[in-house]
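The residues making up each chain are set out below.
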Amino acid sequence: MGLDKNQIAKRIAKEVKNGMYVNLGIGIPTLVANYIPEGVEVVLQSENGLLGMGPFPTEDKVDADLINAGKQTITTLPGSSIFSSAESFGMIRGEHVDLTILGAMEVSEQGDIANWKIPGKMVKGMGGAMDLVASAKNIIVAMQHTARDGSSKLLKECTLPITGLKCIKKIVTDLAVLEVTSDGFKLLERAPGVTVEEIQKATEGRLIVEGDIPEVQL
């Protein structure tokens, strides 16, 4: 039951509007590039230094020198530009990115996000996550609603090291689409076959349910 990773990415792609500059984080967000609606022209930014990122390549189009921030091979679109990571972070810190799509390990009902470190586990570095959450005009999170043990990842307060405070606007999980408000998580849509009660049970933070909740349309 619920949405798989590609379906989460496909639903998030509906949030992308014409003319936007969009940064795609590592993991599920990278899949969004494959589902940009036809007729919608956006510029996808990869923080390692690329504007104009296209969808993932087919086997005959793979170029090992073209990678995204997650070290996955990618394609470029006509008019794309390649530059240094310093210039890339100048764009991010200068608030020139309209929408950032990130993965997360935890999100709080206030819109705090934890997505860079689990204490006790080795981490190479935090990458650009803090810059992105501090500078983006709009941030959408793609994540699983619960951990493998069934515990909620949508919490009253984050328990893992914080990446950013009160910065998340919307969340798309395998169970639901939610908006972060000053009163908590507002349930907007539910995954096909998933009930409001199941979403409530899987959400530790405050869940606001108003009226009939429609199913996600892909």
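The structure we're discussing is the one just above.
Analysis parameters
- Residues numbered from 1 in each chain as written.
- Predicted model: local features only at pLDDT ≥ 70, side-chain atom pairs only at ≥ 80, totals over all residues.
- Heavy atoms only, no water.
- Helix = DSSP H or I, 4+ residues; strand = E, 2+ residues; numbered from the N terminus.
- Rg over C-alpha atoms; globule rule 2.2 N^0.38 Å.
- Buried < 20%, exposed > 50% of the residue type's maximum accessible area, 1.4 Å probe, protein only.
- Contact = heavy atoms within 4.5 Å.
- Areas by Shrake-Rupley, 256 points an atom, 1.4 Å probe, with all protein chains shown as cover.
- Lys, Arg positive; Asp, Glu negative; His and termini not counted.
- Charge placed at Lys NZ, Arg CZ, Asp CG, Glu CD.
- Pairing = 2+ DSSP bridges.
- Axes fitted to C-alpha atoms, helices over the stretch in contact; angles between N-to-C directions.

> Can you tell me about the overall build of the protein, naming the residues and giving the values?
Per the secondary structure count, the protein includes 4 helices and 13 strands. Computed over C-alpha atoms, the radius of gyration of the protein comes to 17 Å, within 12% of the 17 Å expected from 2.2 N^0.38 for 218 residues, which places it in the range of a compact globule. Dimensions of the protein, computed from the C-alpha atoms along their principal axes, are close to 45 × 40 × 30 Å. Burial analysis of the protein (218 residues in total) assigns 47% to the buried set. Within the protein, counting contacts between residues at least 6 apart in sequence, those at least 24 apart form 62% of the total. Accessible surface for the protein amounts to roughly 11,200 Å². Of this, 50% is attributable to carbon and sulfur atoms. Side-chain charges in the protein split into 22 positive and 28 negative, and the spacing between the mean points of these groups amounts to 3 Å.

> So what's going on with the sheet that holds strand β1 (residues 21-24)? Residues and values would help.
Pairing in this open sheet of 10 strands is mixed, and the strands run β4-β3-β2-β1-β5-β8-β10-β11-β12-β13 from one edge to the other. Among the strands making up the open sheet, the edge pair consists of β4 (76-82) and β13 (207-208). As paired elements, strand β5 (residues 99-103) and strand β8 (residues 139-142) share 4 bridges and run parallel to each other. Its bridge partner lying in β8, T100 is registered against I139. The strands touched by helix α1 (residues 5-13) within the sheet are β5, β8, β10 (170-172), β11 (176-181) and β12 (184-190), with β8 carrying the most contacts at an inclination of about 165 degrees.

> Describe in detail unusual backbone geometry, supporting the description with residues and values.
The phi angle at K71 is positive, at roughly 65 degrees, despite the residue not being glycine. You can see K71 is positioned in the loop between β3 (50-53) and β4. Residue classification places K71 among the exposed residues on the basis of a relative accessible area of 66%. Phi at E95 takes a positive value of approximately 65 degrees, unusual for a residue other than glycine. Looking at where E95 falls in the secondary structure, it is placed in the loop between α2 (85-93) and β5. For E95, a relative accessible area of 45% gives the class partly exposed.

> So what's going on with the environment of G54? Residues and values would help.
Mapping G54 onto the fold places it in the loop between β3 and β4. The spacing of G54 and L44 is 10 residues in sequence and 7.5 Å in space, taken between C-alpha atoms. Among residues more than four places away in sequence, those in contact with G54 are A33, T75, T76 and L77.

> Account for the sheet that holds strand β6 (residues 106-108), naming residues and giving values.
Here we have 3 strands laid out as an open sheet, ordered β7-β6-β9, and mixed in their pairing. In this open sheet, the two strands that pair with only one neighbour each are β7 (113-114) and β9 (154-155). Relative to β7, β6 runs antiparallel, the two sharing 2 bridges. Across the sheet, the residue bridging to V107 is I113, located in β7.

In short, shape yes, function no, at least from these values alone.
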